[in-house]
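Residue-level structure breakdown
If you want the building blocks of each chain, they are given just below.
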Amino acid sequence: MQGLAVASPLPPAAAAARRRPRASSSTREAVSQCWKYELSRDQYLGGFLRISQSQGSLHRHRSTNLLRPAAAAISVEQDELNTYLPKGDMWSVHKFGGTCMGTPQRIQSVADIVLGDSSERKLIIVSAMSKVTDMMYNLVQKAQSRDDSYTIALEEVFEKHMAAAKDLLDGEDLASFLSQLHSDVSNLRAMLRAIYIAGHATESFSDFVVGHGELWSSQMLSYAIKKSGAPCSWMDTREVLVVKPSGSNQVDPDCLESEKRLQKWFSRQPADIIVATGFIASTAENIPTTLKRDGSDFSAAIIGSLVRARQVTIWTDVDGVFSADPRKVSEAVILRTLSYQEAWEMSYFGANVLHPRTIIPVMKDNIPIVIKNMFNLCAPGTMICKQPANENGDLDACVKSFATIDNLALVNVEGTGMAGVPGTASAIFSAVKDVGANVIMISQASSEHSVCFAVPEKEVAAVSAALHVRFREALAAGRLSKVEVIKGCSILAAVGLRMASTPGVSAILFDALAKANINVRAIAQGCSEYNITVVLKQEDCVRALRAAHSRFFLSKTTLAVGIIGPGLIGGTLLNQLKDQAAVLKENMNIDLRVIGITGSSTMLLSDTGIDLTQWKQLLQKEAEPANIDSFVHHLSDNHIFPNKVLVDCTADTSVASHYYDWLKKGIHVITPNKKANSGPLDRYLKLRTLQRASYTHYFYEATVGAGLPIISTLRGLLETGDKILRIEGIFSGTLSYIFNNFEGTRPFSDVVAEAKEAGYTEPDPRDDLSGTDVARKVIILARESGLRLELPDIPVKSLVPETLASCSSADEFMQKLPTFDEDWARQRSDAEAADEVLRYVGVVDTVNKKGQVELRRYKRDHPFAQLSGSDNIIAFTTSRYKEQPLIVRGPGAGAEVTAGGVFCDLLRLASYLGAPS
Ligand SMILES: NC(=O)c1ccc[n+]([C@@H]2O[C@H](COP(=O)([O-])OP(=O)(O)OC[C@H]3O[C@@H](n4cnc5c(N)ncnc54)[C@H](O)[C@@H]3O)[C@@H](O)[C@H]2O)c1
Ligand SMILES: N[C@@H](CCO)C(=O)O
Ligand code: NA
């Protein structure tokens, strides 16, 4: 395949010096030997045809390239190059910042990372050890202000590097590094002395001094790599990187000259691993200079472009680029991919990405930049490339990130005299330019009656003054009505390449802001559509950021949960949520956030989620006085989470009376509390009608049979058209336990106390013994089956002795209960004599439209006599299950099973809201 000749091959010496075996084909060999892959049209065509024959089809866009007007040379695209060249023949550039090079141990880790992957050739760009650049600037500062202590400061710099080198290196390597360090430091001493005497440092003097941090760190790393036997060259980038000033303290690379010098350098010192200095460069006249701000990233990008790297990796101490500032948005996620434009937009908005300037060199060659965490190698990092894949293809994925800028002021220039008058905008902005203010966004409505723009707040006074001077006459004549300044503003920007030409994205953003009750003062969106910028009050900014971010980034099945009544069931539920939340998030994308817990005296609130590992302590330490209205407001006012649910774990009638209002507010309700469904019929019917008419859900499985599937079984039968004839069973876990365990060996009152201790009873055990709890369950099932019954319609046989019914507390009742032990012992032995057992049963008779609750005697071989523990048994006799009833049996009370039933309802809700099954 000689057809693929190259425009600027590497000198033969370089190719010969390479150690690892390369790809066998001569095409690959030829192409891989050049810094730049420019092929003539014929060469490309020849190569294309041959490669097509040998490798099968190539992507269509390659053929499109061939149709371009005959060019003298056709650049091979980066992605095509990756096909031509095996990975091992290409360069990858890695940049390690100051933090990564902060200590000798870290420098060793950098060496290990470099050595860990020998699959490609590496050019490593490093910053100075952390803090060293500042120390170096400080030296210059001290010297030029004639502060003698620069000598001590220089000594500190020396000591720091000597100590690091001694830790990291040994033998000859150490000796030669230290001798270089000595000689550099004595040169620096002389130079700083000169600066001291002159009382002034020129920029190039200063750049010369400062650049030593990179010289030393890179040399140490290069020795550390060599120590393991790997061939490694060290590059002083001042020999190759040529830059020219480009105004406002920035420089532009001179790519042609740099490329020439790089080839020359490479012909002298070929290697598969090169460690090079970041940040420093020289002018065309060989005067040392620096790349200014974010210099090492810029070095990596320029060099990446010069060697047409496969990839530039920026190693740092974060897992990647976040979707929003994680200090402000705890739900911020790491973005797997970003386009160059998105990264660009985000860095402008202060997101800690790359400086826009650093992206330019690689962007033109489509070289991907990967941000990786050196301290967490498992994290995939963020790849910045040409057009990243739409990760999940939906509208939400159009917005990649949110950023904010605070401390801004809006300037509004308004008046009827502006419309149709050319030059007004020019006059406004030239006045702004004259005071050197930076305009951050501009918005003008098409009526042309006002132009508004944002500037940093500290610059607004000068801007306003300049505008008043510039438009004095127009203001006096009324052509302009005002030059208004609105301070205390922030910008919230949504960034995403795919917002372009996707309808509906801005609607989602503005809807989120509207729901969070945030006033938008100004809006700007350029026709590139990469960025929607809104100006808002600074105090609203974090709330706006969270509201917008959650709308685009949170799982649709994120539930903000408020728990009322953290007693036995509520507390157990909180613990179950704590244990299971991560699994649900990971496996089903169900994100459950408990943002409030209220008991009867105190409540604990959080905007983003309470740490459930310590909810009990927090509820004691950080709680505020309970107030159910504020508690509910806290939930309904939260604009971070899309769905809200209140879980009532009390046995309180007054809490239950609020369900209707909560559902009306769009808050879902889940409860094991029987009071609402067994309370007044008209209220119940109103509640169920609302439930049926809205998309707000109300679940109460645990009100009957605790975690057993009783309500859902009944619903399933009814909704599929079965007819319920009779529901009969043992509905009380407490009474089941008592009669299963009251065998004549212990007094009745002891067994009741055990049931209470085991957590089966209602907060007041009289509710169980009186039969009221069973009657409530009968009512719930009867109403569910279509009967319109009230609680007093159910005849109940109470087991509470009349004289104890009026006890003022549950405790008093429990204390007095033993007085009746003898009565109970008699009833039991009477039954036993007849080979029968006592069982407390409830019946829903849908045929005769009535229900009843009573203590009955059953033969020992009857299924109801076979139960143990707190078992419930419920038999559904229906049109379909007529001969043999459908029976559900199992523990029907207790903390774990009941809380489990409530938890099931939470997941049922999540699945109604769209969670995967
Ligand atoms: N224990 C079970 O086996 C079981 C089974 C099914 C259903 N239930 C139902 O679960 C609910 C809770 O039962 P429990 O055993 O956990 O009771 P509990 O007494 O242990 O807990 C109730 C909690 O609610 C709090 N509370 C009461 N009124 C309140 C109010 N107005 N505002 C805020 N908090 C209030 C109490 O301080 C207490 O912390 C009851 O409705 C019960 O019928 C219990
Ligand atoms: N106290 C109730 C709890 C379950 O609703 C019982 O014993 O059945
Ligand atoms: Na149940």
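Scroll up a little and you will see the structure.
In this text, all values refer to a predicted model and were calculated from it rather than measured experimentally. (Residues numbered from 1 in each chain as written. Chains lettered and ligands numbered in written order. Predicted model: local features only at pLDDT ≥ 70, side-chain atom pairs only at ≥ 80, totals over all residues. Heavy atoms only, no water.)

1. Looking at the overall build of the protein chain
Looking only at helices and strands, the protein chain has 35 helices and 32 strands in total. In the protein chain, buried positions account for 53% of the 917 residues. Taking contacts inside the protein chain between residues at least 6 apart in sequence as the whole, the part at least 24 apart equals 73%. Within the structure as shown, the protein chain displays about 39,300 Å² of accessible surface, and the carbon and sulfur contribution to it stands at 51%. (Helix = DSSP H or I, 4+ residues; strand = E, 2+ residues; numbered from the N terminus. Buried < 20%, exposed > 50% of the residue type's maximum accessible area, 1.4 Å probe, protein only. Contact = heavy atoms within 4.5 Å. Areas by Shrake-Rupley, 256 points an atom, 1.4 Å probe, with all protein chains shown as cover.)

2. Overview of the packing of aromatic side chains
In this description, a pair of aromatic rings is defined by centroid distance and the angle of the planes. Within this structure, the stated rule accounts for 16 aromatic pairs. Centroid distance Trp91 to Phe266: 5.7 Å. Interplanar angle 90 degrees. Geometry classified as edge-to-face. You can see Trp91 sitting in strand β3 (residues 91-96) and its partner Phe266 sitting in helix α12 (residues 255-268), a full 175 residues away along the chain. A residue is classified by how much of its surface remains accessible, and Phe266, at 1% relative accessible area, is buried. Taken together, a centroid distance of 5.1 Å and an interplanar angle of 80 degrees make the contact between Phe699 and Tyr912 edge-to-face. Here Tyr912 lies in helix α35 (residues 895-912) and Phe699 lies in strand β27 (residues 698-699), a separation of 213 residues in the sequence. (Phe/Tyr/Trp six-rings, centres within 6.5 Å; stacked < 30°, edge-to-face > 60°.)

3. A short note on the site of ligand 2
Residues in close proximity to ligand 2 total 13 residues, the closest being Gly733, Thr734, Tyr760, Glu762 and Asp768. Lys777 places a side-chain nitrogen or oxygen 2.8 Å from an oxygen atom of ligand 2. If ligand 2 stood free it would expose 250 Å²; the protein chains cover 93% of that surface. Sorting the residues of the shell around ligand 2 by element identifies α29 (733-741) and α32 (772-784) as the ones contributing at least two each. Residue composition of the shell around ligand 2, grouped by class: three nonpolar, five polar and five charged. (Near = heavy atom within 4 Å. Polar contact = N/O pair within 3.5 Å; in protein donor to acceptor, adjacent residues only side chain to side chain. Nonpolar A, V, L, I, M, F, W, Y, C, P; charged D, E, K, R; others polar.)

4. Brief notes about the coordination of the sodium ion (ligand 3)
Coordination of the sodium ion (ligand 3) by the protein is provided by Glu701 (O), Glu701 (OE), Val704 (O), Ala706 (O) and Leu708 (O), with metal-donor distances spanning 2.3 to 2.5 Å. Within one chain, the residues serving as donors to the sodium ion (ligand 3) are arranged as E-x2-V-x1-A-x1-L. Neither Glu701 nor Leu708 differs from the other in exposure class; each is buried. (Donors = N, O, S within 2.8 Å, 3.2 Å for Na, K, Ca; no water.)

5. Some details on the site of ligand 1
Neighbouring ligand 1 are 25 residues; Ile569, Thr650, Asp652, Glu762 and Gly894 lie closest to it. Note that a nitrogen atom of ligand 1 is positioned 2.8 Å from one of the side-chain N or O atoms of Asp652. When ligand 1 sits alone it has 830 Å² of accessible area, and the protein chains cover 80% of it. Class assignment for the residues of the shell around ligand 1 results in eleven nonpolar, eleven polar and three charged. Summarising the domain contributions, the shell around ligand 1 has at least three residues from each of domain 3 (557-701 + 905-913) and domain 4 (710-893). (Domains from an automatic or database assignment.)

6. Examining the pattern of salt bridges
Across all of its chains, the model carries 39 salt bridges by this definition. A salt bridge links Asp325 to Arg327; the shortest N-O distance between them is 2.8 Å. One salt bridge connects Glu784 with Arg688, and the closest N-O pair in it is separated by 3.3 Å. Placement of the pair is Glu784 in helix α32 and Arg688 in helix α27 (residues 681-693), with a sequence separation of 96 residues. (Salt bridge = Lys/Arg side-chain N within 4 Å of Asp/Glu carboxyl O.)

7. Section: α35
Taking 1.5 Å of rise per residue, the 18 residues of α35 would be expected to cover 26 Å, and the 26 Å separating its terminal C-alpha atoms lies within 8% of that figure. By the burial criterion, the buried members of α35 are Ala895, Thr898, Ala899, Gly901, Val902, Phe903, Asp905, Leu906, Leu909 and Ala910. Each element contacted by the buried residues of α35 is listed here: β21 (558-564), α21 (568-588), β22 (591-598), β25 (643-648), β26 (668-670) and β27. Gly914 occupies a position one or two residues after α35 and carries a positive phi of about 115 degrees. (Expected span 1.5 Å × (residues − 1).)

8. Some remarks on helix α28 (residues 711-719)
Listed in full, the buried residues belonging to α28 are Ile711, Thr713, Leu714, Arg715 and Leu717. Here the buried face of α28 lies against α27, β28 (724-730), α32, β31 (871-878) and β32 (886-891). Backbone geometry just downstream of α28 places Gly721 in the positive-phi region, at approximately 95 degrees.

9. Focus on unusual backbone geometry
For Asn407, which is not glycine, the phi torsion reads 55 degrees and is therefore positive. For Asn407, the position within the fold is in strand β15 (residues 401-414). Residue Asn589 is not a glycine yet carries a positive backbone phi of 60 degrees.

10. Observations concerning the packing of helix α8 (residues 150-168) against helix α9 (residues 171-198)
Look at α8 against α9: their axes get within 11 Å of each other, and the N-to-C directions meet at 165 degrees. It follows from the interaxial angle that α8 and α9 lie roughly antiparallel. Crossing hand, α8 versus α9: right-handed. On α9, the residues that touch Tyr150, Leu154, Glu155, Phe158, His161, Met162, Ala165 and Lys166 of α8 are Leu174, Phe177, Leu178, Leu181, His182, Val185, Leu188, Arg189, Leu192, Arg193 and Tyr196. Across the contact of α8 with α9, the residue classes tally to 13 nonpolar, two polar and four charged. (Axes fitted to C-alpha atoms, helices over the stretch in contact; angles between N-to-C directions. Parallel < 35°, antiparallel > 145°, perpendicular 65-115°, else oblique. Left-handed = near helix turned anticlockwise from the far one by under 90°.)

11. Quick notes on the sheet that holds strand β30 (residues 850-859)
One open sheet holds the five strands; their spatial order is β30-β29-β28-β31-β32, and the pairing between them is antiparallel. Bordering the open sheet on either side are β30 and β32, each of which pairs with just one other strand. Each neighbouring strand pair of the sheet contributes to a mean axis angle of 20 degrees, computed without reference to strand direction. Against the sheet, helix α34 (residues 821-833) engages β29 (836-845) and β30, with an angle of about 95 degrees to β29. (Pairing = 2+ DSSP bridges.)

12. Concerning the pairing of β30
Here β29 runs beside β30; their pairing, made up of ten bridges, is antiparallel. Residue pairing across strands places Glu836 opposite Lys859, the latter belonging to β30. In textbook terms, the turn of a hairpin is the stretch between consecutive antiparallel strands, and for β29 and β30 this stretch comprises four residues, one of which, Lys849, has a positive phi near 55 degrees.

13. Some remarks on the sheet that holds β25
Read across the open sheet, the seven strands follow the order β24-β23-β22-β21-β25-β26-β27; overall the sheet is mixed. On the outer flanks of this sheet lie β24 (624-625) and β27, each paired with one strand and no other. As judged from the three bridges shared by β25 and β26, these two strands associate in the parallel manner. Each bridged residue has a counterpart across the sheet, and for Leu646 the counterpart in β26 is Val669. Across the sheet, α35 is in contact with β21, β22, β25, β26 and β27; its angle to β26 comes to roughly 155 degrees.

Take it as geometry only, folks, not as evidence of what the structure does.
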